[in-house]
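Descriptive structure summary
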Amino acid sequence: RTDSLAQFGVEEAIERGKEYKRIGADVIFIEAPKTIDEMELISKEIKAPLLANMIEEGITPNLTADQLRKMGFRMVVFPLSALYSATFAIKQTLQTLKKTGTTKELKNKMMNMTDIDWKNND
């Protein structure tokens, strides 16, 4: 991983990625490209498995896994998507509870006790 793009530019980040590959890195992660053009340049220049980091409303354009694959990225993480979704649901639930004094109207959006497999530790 290199965070050098923000301070030193895409060319320096690419050079670092190439050096990481040369010394044995299995995967190269250039943090925070700002444009699709930068992402395509990284993919073109670094001949190694690349990782993309998709964060909603982040610096990097939010692309689909298929778009990234076609661009040459072999791995993608969506590290905050589930947290953002859960936080949205919690906020909605608490707003509804405050407003109505109950969560009955949200029942179809919730898991319930029978949905949870309490015996499975996976």
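Data block above holds the structure.
In what follows, the accompanying structure is described. Since we're looking at a predicted model, the values are computed, not measured. (Residues numbered from 1 in each chain as written. Predicted model: local features only at pLDDT ≥ 70, side-chain atom pairs only at ≥ 80, totals over all residues. Heavy atoms only, no water.)

A count of helices and strands for the chain gives 5 helices and 2 strands. Ordered by position from the N terminus, the helices and strands of the chain form the series α-α-α-β-α-β-α. Relative to the 2.2 N^0.38 estimate, which gives 14 Å for 122 residues, the radius of gyration of the chain is 20 Å and therefore markedly larger than a compact globule would have. Along the first, second and third principal axes, the C-alpha set of the chain runs to 60 × 35 × 25 Å. Burial status across the chain gives 29% buried among its 122 residues. Long-range pairs, those at least 24 residues apart, make up 50% of the contacts in the chain with a sequence separation of at least 6. Per element, the accessible surface of the chain, about 8,900 Å² overall, is 56% carbon and sulfur. Within the chain, one finds 18 positive and 18 negative side-chain charges whose respective centroids are separated by 6 Å. (Helix = DSSP H or I, 4+ residues; strand = E, 2+ residues; numbered from the N terminus. Rg over C-alpha atoms; globule rule 2.2 N^0.38 Å. Buried < 20%, exposed > 50% of the residue type's maximum accessible area, 1.4 Å probe, protein only. Contact = heavy atoms within 4.5 Å. Areas by Shrake-Rupley, 256 points an atom, 1.4 Å probe, with all protein chains shown as cover. Lys, Arg positive; Asp, Glu negative; His and termini not counted. Charge placed at Lys NZ, Arg CZ, Asp CG, Glu CD.)

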